[in-house]
Amino acid sequence: MTVRLAHSGHPQRNEAPPVSLRLLQSPRLHLAPQPEGLLQIHTALHRGSFSGVLSQAMRAAGLGSRVLVCQLLKGGVDQGVGGSQVLCGRLEWLRPATPLCLETAAADLPAGVADATDVRQAVQEIWTYSREQLLKGRLDQLVLDELGLAIQLGYLALDEVLETLGGRPSHLDVIVTGPAIPAALMAMADQVTELRRV
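Just so we're clear, the structure is a prediction, and the values are computed from it rather than from any experiment. (Residues numbered from 1 in each chain as written. Predicted model: local features only at pLDDT ≥ 70, side-chain atom pairs only at ≥ 80, totals over all residues. Heavy atoms only, no water.)

Undergrad: Any chance you could explain the overall build of the chain here in plain terms?
TA: In terms of regular secondary structure, the chain is built from 6 helices and 9 strands. Counting only residues that meet the buried cut, the chain has 40% of its 198 residues in that class. Across the chain, every contact between residues at least 6 apart in sequence was considered, and the portion connecting residues at least 24 apart equals 70%. A total of about 11300 Å² of accessible surface is found on the chain, and carbon and sulfur atoms cover 53% of it. (Helix = DSSP H or I, 4+ residues; strand = E, 2+ residues; numbered from the N terminus. Buried < 20%, exposed > 50% of the residue type's maximum accessible area, 1.4 Å probe, protein only. Contact = heavy atoms within 4.5 Å. Areas by Shrake-Rupley, 256 points an atom, 1.4 Å probe, with all protein chains shown as cover.)

This is the structure in structure tokens:
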């Protein structure tokens with residue numbers, strides 16, 4: 001039932017309300033209970049697509065999102081899962097527990113620099129932790145830096161990565177950065193950003 005004030009100041013029934021009141025009485029829009037997450041890829045022929053993504057991750061954490069940043073091949077700080085850094089109160093930043101940044105396959109590491117098995121396990125530890133956090137739905141955003149390169153160099157298995165990302169919760173944004181992104185991973189992406197030098 002609608003009510004409208006007549007010129008006499010008394011309400012009259014069954015008249016259409018003025019346009020402004022009709023807008024207020026329109027059915028309310030309902031947002032989805034969980035927003036749809038995206039699989040985003042930021043790639044380049046060279047390394048260097050990470051800094052823009054890191055600022056995006058920090059902004060998301062500052063606004064209350066739970067964020068995990070995993071730099072799969074950036075060692076040098078001997079960090080590992082136990083030594084993760086927390087920024088903005090909600091951003092966890094992980095690097096493998098290796099004494100060097102990884103640019104070659106574990107099997108091709110120079111003798112005496114690092115034990116190939118330890119290096120492979122350090123990268124696998126970061127992947128396993130990020131995979132668990134992803135599958136348990138504990139995150140709003142996951143950044144996997146140099147994921148394609150980690151696959152290409154043999155530190156991670158492509159099939160496991162594809163299966164994991166295919167099973168991510170619908171609300172989770174996953175951002176993959178770096179060169180050497182496999183075609184199968186590119187095909188899964190909702191958004192691809194390619195950085196080029198000009």
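Undergrad: Any chance you could explain the environment of Leu 73 here in plain terms?
TA: Locating Leu 73 in the fold gives a position in the loop between strand E4 (67-71) and strand E5 (85-87). Leu 73 sits 23 residues away from Pro 96 along the chain, and the two C-alpha atoms are 7.0 Å apart.

Undergrad: Quick question: what am I supposed to make of the environment of Thr 98 here?
TA: In this fold, Thr 98 is placed in the loop between strand E6 (91-94) and helix H3 (116-135). Along the chain, Thr 98 and Gln 79 lie 19 residues apart, while their C-alpha atoms are 7.4 Å from each other. Not counting the four nearest positions on each side in its chain, Thr 98 is found in contact with Gly 75, Gly 76, Val 77, Asp 78, Val 119 and Ala 122.

Undergrad: Explain the pairing of strand E8 (residues 173-177) to me, please; I cannot follow it from the model alone.
TA: A regular strand carries its side chains on alternate faces of the sheet. For E8, the buried fraction is high: 4 of the 5 residues fall into the buried class. In the sheet, strand E3 (residues 39-44) pairs with E8 via 4 bridges, with the strands oriented parallel. When the bridges of E8 are listed, Ile 41 appears paired with Val 176. Where strand E7 (residues 141-145) lies against E8, 5 bridges are found, and the strand directions are parallel. Its bridge partner being in E8, Gln 141 is matched across the sheet by Asp 173. (Pairing = 2+ DSSP bridges.)

Undergrad: Quick question: what am I supposed to make of the side chain of His 171 here?
TA: With respect to the element layout, His 171 can be found in the loop between helix H5 (158-166) and E8. Within the local environment of His 171, its side chain forms a polar contact with the backbone oxygen of Leu 139, the two atoms lying 2.9 Å apart. (Polar contact = N/O pair within 3.5 Å; in protein donor to acceptor, adjacent residues only side chain to side chain.)

Undergrad: Whenever I open this one, the pairing of E3 confuses me. Can you help?
TA: Of all the 6 residues making up E3, 6 are buried; the element is thus mostly covered by neighbouring parts of the structure. In terms of strand pairing, E3 meets strand E9 (residues 191-195) through 5 bridges, oriented parallel. Counted as the bridge partner of Ala 44 is Leu 195 from E9.

Undergrad: What is the right way to read the pattern of salt bridges from this model?
TA: Opposite charge on two side chains allows them to pair when their charged atoms are near. Taken as a whole and assessed by the stated rule, the structure comprises 4 salt bridges. Between Arg 66 and Asp 140 there is a salt bridge whose closest N-O contact spans 3.0 Å. Taken together, the positions of Arg 66 in the loop between helix H2 (50-62) and E4 and Asp 140 in the loop between H3 and E7 put the pair 74 residues apart, joining distant regions of the chain. Taking the shortest distance from any N to any O, the salt bridge between Glu 160 and Arg 131 comes out at 3.4 Å. You can see Glu 160 sitting in helix H5 and its partner Arg 131 sitting in helix H3, a full 29 residues away along the chain. What makes Glu 160 partly exposed here is its relative accessible area of 29%. Residue classification places Arg 131 among the partly exposed positions, given a relative accessible area of 25%. (Salt bridge = Lys/Arg side-chain N within 4 Å of Asp/Glu carboxyl O.)

Undergrad: Sorry if this is basic, but what is going on with the sheet that holds E5 here?
TA: Pairing between sheet strands relies on hydrogen bonds along the backbone, with the strands arranged either parallel or antiparallel. Pairing is mixed in the open sheet, where 7 strands are placed in the order E5-E6-E4-E7-E8-E3-E9. Each edge of the open sheet carries a strand with a single partner, namely E5 and E9. Adjacent strand axes in the sheet meet at a mean angle of 15 degrees when their direction is disregarded. (Axes fitted to C-alpha atoms, helices over the stretch in contact; angles between N-to-C directions.)

Undergrad: Explain H2 here, please?
TA: Since the α-helix turns once every 3.6 residues, residues separated by three or four places project in the same direction. Relative to the 18 Å expected for 13 residues at 1.5 Å per residue, H2 spans 18 Å between its end C-alpha atoms, a close match to the ideal helical length. Within the sequence span of H2, burial applies to Phe 50, Val 53, Leu 54, Ala 57, Ala 60 and Ala 61. Projected onto a plane normal to the axis of H2, the buried residues spread over an arc of 120 degrees and lie on a single side. Exposed side of H2, more than 90 degrees from the buried face: Ser 51, Arg 59 and Gly 62 are the residues found there. In this structure, the buried residues of H2 make contact with E3, E4, E6, E7 and E8. Gly 64 occupies a position one or two residues after H2 and carries a positive phi of about 105 degrees. (Expected span 1.5 Å × (residues − 1). Arc of directions from axis to C-beta.)

Treat this as a map of the structure, not an account of what it does.
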